[in-house]
Amino acid sequence: MSPTAGATTQVARRSTRFTAWVRAWRAGLVPFDDLAEEITEGAPDEEHLAADAPGTWSDVPLGSALPAFAKVHPDEIRLVLPVPGDPRGLPGPGEFTNAALLAGEGIVARGFGLVPEVRTHTSGSGMTFSTVLWRFHPLPETAARAGLTEPTAAEAEADLSTALAETTHRLTRLDVAHWRPELAGALAALRKPDAGTDLPAGFDPRARRLYARAAVLDRVLALAETAAPGGAVNNYEAQQRDAALRPLTTACRRALVAACNAPLTL
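Residue positions are given per chain, counted from 1 along the sequence in the order it is written. Totals for whole chains, interfaces and linings use every residue, but because this is a predicted model, local features are given only for residues with pLDDT of at least 70 and side-chain atom pairs only at 80 or more, for both listing and counting. Side-chain figures throughout are based on the complete set of non-hydrogen atoms in the structure, without hydrogens or water.

Throughout this description, the term salt bridge denotes a Lys or Arg side-chain nitrogen within 4 Å of a carboxyl oxygen of Asp or Glu. In the structure shown here, the tally under the stated rule is 15 salt bridges. Of the charged contacts in the structure, one is a salt bridge between Arg13 and Asp218, with a shortest N-O distance of 2.7 Å. Taken as a pair, Arg13 in the loop between helix H1 (3-7) and helix H2 (14-26) and Asp218 in helix H9 (residues 205-226) lie far apart in primary sequence, 205 residues in all. Take Asp218: its relative accessible area is 10%, and that puts it in the buried class. Asp86 serves as the salt-bridge partner of Arg254, at 3.4 Å between the closest nitrogen and oxygen. Counting from the N terminus, the helices are DSSP H or I runs at least four residues long and the strands are E runs at least two residues long. For every residue, the accessible area (1.4 Å probe, protein chains only) is compared with the maximum for its type, and the residue is labelled buried under 20%, exposed over 50%, or partly exposed between those bounds.

The subject of this paragraph is helix H5 (residues 95-103). Buried residues of H5: Phe96, Thr97, Ala99 and Ala100, and no others. Around the axis of H5, the buried residues are gathered within 165° of arc, so they sit on the same side. Away from the buried face of H5 by more than 90 degrees, exposed residues Glu95, Asn98 and Leu102 are located. Remark: Gly104 follows H5 within two positions and exhibits a positive phi of approximately 80°. Of all possible arcs, the one meant is that of the directions from the helix axis to the C-beta atoms.

Turning our attention to the sheet that holds strand S3 (residues 78-80). Any two strands with at least two DSSP-identified bridges between them are counted as paired. Pairing in this open sheet of 6 strands is mixed, and the strands run S2-S1-S6-S5-S4-S3 from one edge to the other. A strand with exactly one partner marks an edge of an open sheet, and here the two such strands are strand S2 (60-61) and S3. Inspection of the sheet shows strand S1 (residues 46-51) paired to S2 by 2 bridges, in the antiparallel sense. Residue Leu49 lies in a different strand from S2, and its bridge partner there is Pro61. In this description, contact between two residues means that some pair of their heavy atoms is separated by no more than 4.5 Å. Lines fitted to C-alpha atoms define the axes here, with helix axes fitted over just the stretch in contact, and angles between the N-to-C directions of these axes take values from 0 to 180 degrees. Strands S3, strand S4 (106-109), strand S5 (112-122) and strand S6 (128-138) of the sheet are contacted by H5, whose axis makes an angle of about 45° with S5.

Turning our eyes to something else, we now look at unusual backbone geometry. We note that Asp52 has phi near 65°; this positive angle belongs to a residue other than glycine. Within the fold, Asp52 resides in the loop between S1 and S2.

Quick look at the packing of aromatic side chains now. Each pair of aromatic rings taken from Phe, Tyr and Trp, with Trp reduced to its six-membered ring, is defined by centres within 6.5 Å and is described as stacked if the planes are under 30 degrees apart, edge-to-face if over 60, and tilted in the remaining cases. Within the structure shown, the criterion is met by 5 aromatic pairs. Between Phe69 and Phe112, the ring centres sit 5.0 Å apart and the planes meet at 80°, which makes this aromatic pair edge-to-face. Of this pair, Phe69 sits in the loop between helix H4 (62-65) and S3 while Phe112 sits in strand S5, and the two are 43 residues apart along the sequence. The residues Phe69 and Phe112 share a single accessibility class, namely buried. With a centroid separation of 5.3 Å and 45° between ring planes, the pair formed by Phe112 and Phe136 is classed as tilted.

A cluster of acidic residues, Asp33, Asp34, Glu37 and Glu41, forms a negative patch at the surface. Considering the arrangement of structural elements, one finds Asp34 in the loop between H2 and helix H3 (35-39). Given a relative accessible area of 35%, Asp34 falls into the partly exposed group. Patches here are clusters of residues that have more than 30% relative accessible area and form no salt bridge, with a 9 Å joining cutoff for like charges and a 5 Å cutoff for nonpolar side chains (Val, Leu, Ile, Met, Phe, Trp, Tyr). To measure how exposed things are, a 1.4 Å probe is used in the Shrake-Rupley method; for residues, cover is taken only from the protein chains shown. In this count, Lys and Arg are taken as positive residues and Asp and Glu as negative ones, while His and the chain termini are left out. Think of each charge as sitting on NZ of Lys, CZ of Arg, CG of Asp or CD of Glu.

One recurring pattern in soluble globular proteins is that nonpolar side chains are buried together. Nonpolar cores are built from buried Ala, Val, Leu, Ile, Met, Phe, Trp, Tyr and Cys residues. Side-chain atoms within 4.5 Å join them into one set. Counting residues in each nonpolar core, the largest one holds 32 residues, and the members touching the most others are Leu160, Phe203, Leu210, Tyr211 and Leu248. For this core, the secondary-structure elements that each account for two or more residues are helix H6 (153-173), H9 and helix H10 (235-260). Looking at this core, the element that brings in the most residues is H10, giving 11 residues. Ignoring anything within four residues of it in the chain, the contact list for Leu210 reads Ala153, Ala156, Glu157, Leu160, Ala255, Ala258 and Ala259. Of all hydrophobic cores here, the second largest spans 24 residues; its members include Phe18, Val60, Val72 and Trp134.

Of all 6 residues that make up S1, 5 are buried, and the element is covered over most of its length. Bridge count for S1 against S6 is 6 bridges, and the pairing is parallel. Within S6, the position partnered with Glu47 by the bridge is Thr131.

The following block contains the structure:
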């Protein structure tokens, strides 16, 4: 496996697929029967359940909880990717906000919000597997309109391109290719046009292009955040690396939000 390929195998944010596919279903663009399978695409070893969904009394398979969105307009379903210091899109203090900040992701809808809770288990034979519990939280109905000031896909695409160019330049000056070849290689690959898409019907070409680029970049940045620096890097160099990546991380999060929340074309 090439360094670039290895850098892009991290798990994508689960709330991005959830938001995009549920919005497309509510717009009448994809069938309900395919919904749960599409949301969990790319994670065949995960079990997805829902907790505290309207009309349920215990944890249920994800597909059994999706009818809770049946009366929600697609424009009232939004992705949020908050971090401490940047709570953009959150409805205000409360259990949902606390959970979304902890997870770094969530979905806001009219009357409720969802946050994925990932639990890792180890079997008696030593095999590990995960359960994703989508927990519903009650929200004011006005919460679904709290993100109307988010950047458009065009604005987010421009910001992402600028941040990527500046970060690549700074990492080159830091000689990141010497001590993190997989990160440098992945960033270089992202400068090439990417025609791939993982969004359902209804999203325009700009949103598709933006999502394809940001989704790969998001996994690269997750690797940079979790993997220990290689080579003879000292604390100062690590701090410089983190400072160089920070604006790109912010631009990437906002790009994913803008792509998944983009207006749908019927």
